[in-house]
Amino acid sequence: MDLDETAARLGVPVEEVDRVHRLAGDQPSAPLPAKADAPAILDRLAVPPDDAAEIMAGWPDPGSPFWTPELRWLLDRSIALVRADLGGGGWLSPGPALPRERGPAWRHLYGYAYLALVNVVTDYHREHGVDEAVSWVSLADLGRNLAIDRRMRGEGWPVMQSWLTLHARGAVYELGRLQHHRGGGPAIDLHIPEAGPLRPEAVEASLDRARRFFPRHFPDEHYPAFACGSWLLDPQLREYLPADSNILHFQRRFELEPYQESEGPDADVEVLRFVFRTIATPLDELPRRTALQRAAVDHLLAGRHWHWRRGHFPI
């Protein structure tokens, strides 16, 4: 195939198409579920009705006018790229960001790839003795992120589509309040899904589940610590939040590593993404209903910056 021509037709840099081509290699793809079975699977993945309707309307049927040859190639090779790293826990983009306004095939291509990988990763879970309920609640982060993307009007999708490859490779497990990420380094990384208050007792229950889960299902892997990298660990939050806040309770669990300005994503952007689910709204138009919202805005309006911090504590 001609990578330059494919990139031009997709409207993306040829370097990104070449990357997909190289990383997928000769790895076989995986088929999508039968179209008749898809609605039930989308429901189990907590995909909201509007997104489920779009996904079904743009389904890559043979002869579909939505699906050009280059889109079909990208779908096939994106699935293969992720499948080639099954069990891996590093950050992985499944492919280039697409001009999603061009229709459902473009908007949901990586959602179709995720659907094709569901059987692959649930087989991987079964091989490791992971309970089916844990599999589905973990994989249902697809629906949560599609709902967030709709609220963000597509602003955050390139990050989200890479995040979801962790689930599709068997790296992220949702155990109660927290998501636990194995294989990305020497510790179990903690992630905080949008799922209500971060109550200390819910956090502790999730950590206790993880302490049992990983030795049981991944006995050859040894993790001495939990770790987290997030703006939520920024000590500057202590200037704004009450001492008994759930966020500060969470912070106090960690021994912070020295601050490195170049480490992690832009914390100012991440605060806007997670607190307001927007990265484009002017600061003076953002809501100020909660202490965290007021802190986020006041800090930035004062010309200060949030910091991405990393910390850990023993398992």
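These numbers come from a predicted model, not from an experiment. (Residues numbered from 1 in each chain as written. Predicted model: local features only at pLDDT ≥ 70, side-chain atom pairs only at ≥ 80, totals over all residues. Heavy atoms only, no water.)

**Some thoughts on the layout of surface pockets**
Point 1. Empty space within the largest pocket amounts to approximately 1,500 Å³.
Point 2. Those elements that place two or more of their residues in the lining of the largest pocket are α9 (141–151), α10 (157–168), β2 (178–181), β3 (188–191), β4 (225–230), α12 (246–251), α13 (267–276) and α14 (291–301).
Point 3. Broken down by element, the residue count for the lining of the largest pocket peaks at five residues, all from α9.
Point 4. For the lining of the largest pocket, the residue count by class is 22 nonpolar, 15 polar and 11 charged.
Point 5. Taken as a whole, the second largest pocket spans an internal volume of roughly 180 Å³.
Point 6. The residue inventory of the lining of the second largest pocket, partitioned by class, reads five nonpolar, four polar and four charged. (1 Å grid on protein atoms, 1.4 Å probe; cavity = no way out; pocket = protein on both sides within 12 Å on 5 of 7 lines; lining within 4 Å. Points joined across faces, edges and corners; volume = space filled by probe spheres on them. Helix = DSSP H or I, 4+ residues; strand = E, 2+ residues; numbered from the N terminus. Nonpolar A, V, L, I, M, F, W, Y, C, P; charged D, E, K, R; others polar.)

**Some remarks on the sheet that holds β2**
To summarise the sheet geometry, strands pair through backbone hydrogen bonds and adopt either a parallel or an antiparallel arrangement.
Point 1. In spatial order, the strands read β1-β2-β3-β4-β6-β5; together these six strands make up an open sheet with mixed pairing. Both edges of this open sheet fall to β1 (172–175) and β5 (255–256), since each of them pairs with a single strand only.
Point 2. The sheet contact formed by β4 and strand β6 (residues 309–314) spans six bridges and is antiparallel. Paired with Ala-227 across the bridge in β6 is His-312. (Pairing = 2+ DSSP bridges.)

**What about empty space enclosed by the protein?**
Point 1. Tallied over the full model, the rule gives three cavities of 30 Å³ or more.
Point 2. Estimates place the volume of the largest cavity at around 90 Å³.
Point 3. Around the largest cavity sit 13 residues that line it, and Tyr-110, Tyr-114, Gln-161, Leu-164 and Thr-165 are the ones nearest its centre.
Point 4. Mapped by element, the contributors of at least two residues to the lining of the largest cavity are α7 (109–127) and α10.
Point 5. Tallied by class, residues from the lining of the largest cavity come to 10 nonpolar, three polar and no charged.
Point 6. Here the second largest cavity is characterised by a volume of approximately 40 Å³.
Point 7. As for the second largest cavity, its lining consists of Ala-97, Leu-98, Arg-100, Trp-106, Arg-107, Leu-109, Tyr-110, Trp-157, Pro-158 and Gln-161.
Point 8. Put simply, the parts of the chain that give the lining of the second largest cavity at least two residues each are α6 (104–107), α7 and α10.

**Remarks on the side chain of Arg-177**
Point 1. Within the element layout of this structure, Arg-177 appears in the loop between β1 and β2.
Point 2. Despite its burial, Arg-177 pairs with no opposite charge, the nearest such side chain being Glu-174 at 6.7 Å.
Point 3. A distance of 3.0 Å separates a polar atom in the side chain of Arg-177 from the backbone oxygen of Pro-193.
Point 4. Arg-177 has contacts with Ile-192, Pro-193, Ala-195, Gly-196, Pro-197, Leu-198, Ala-202, Val-203 and Ser-206, leaving out every residue within four places of it along the chain. (Buried < 20%, exposed > 50% of the residue type's maximum accessible area, 1.4 Å probe, protein only. Lys, Arg positive; Asp, Glu negative; His and termini not counted. Salt bridge = Lys/Arg side-chain N within 4 Å of Asp/Glu carboxyl O. Polar contact = N/O pair within 3.5 Å; in protein donor to acceptor, adjacent residues only side chain to side chain. Contact = heavy atoms within 4.5 Å.)

**Some remarks on unusual backbone geometry**
Point 1. Positive phi values are uncommon outside glycine, yet Ala-46 reaches one of about 60 degrees.
Point 2. Note that Ala-46 resides in the loop between α3 (38–44) and α4 (49–57).
Point 3. Positive phi, normally seen in glycine, also occurs at Arg-277, with a value near 55 degrees.
Point 4. Within the fold, Arg-277 resides in the loop between α13 and α14.
Point 5. Classification of Arg-277 as buried rests on a relative accessible area of 8%.

**So, helix α5 (residues 69–83)**
Point 1. Its 15 residues give α5 an end-to-end C-alpha distance of 21 Å, which sits within 8% of 21 Å, the value for a rise of 1.5 Å per residue.
Point 2. With 11 of its 15 residues buried, α5 lies for the most part within the structure.
Point 3. Looking at α5, one finds that the buried residues are Glu-70, Leu-71, Trp-73, Leu-74, Leu-75, Arg-77, Ser-78, Ile-79, Ala-80, Leu-81 and Val-82. (Expected span 1.5 Å × (residues − 1).)

**Structural notes on helix α8 (residues 132–139)**
Point 1. Taken together, the buried positions of α8 are occupied by Val-134, Ser-135, Trp-136, Ser-138 and Leu-139.
Point 2. Tucked into the core, α8 has its buried residues touching α3, α7, α9, α10, β1 and α11 (200–217).
Point 3. Backbone nitrogen of Ala-133 and a side-chain oxygen of the N-cap are separated by 2.8 Å at the start of α8; the cap is Asp-131.

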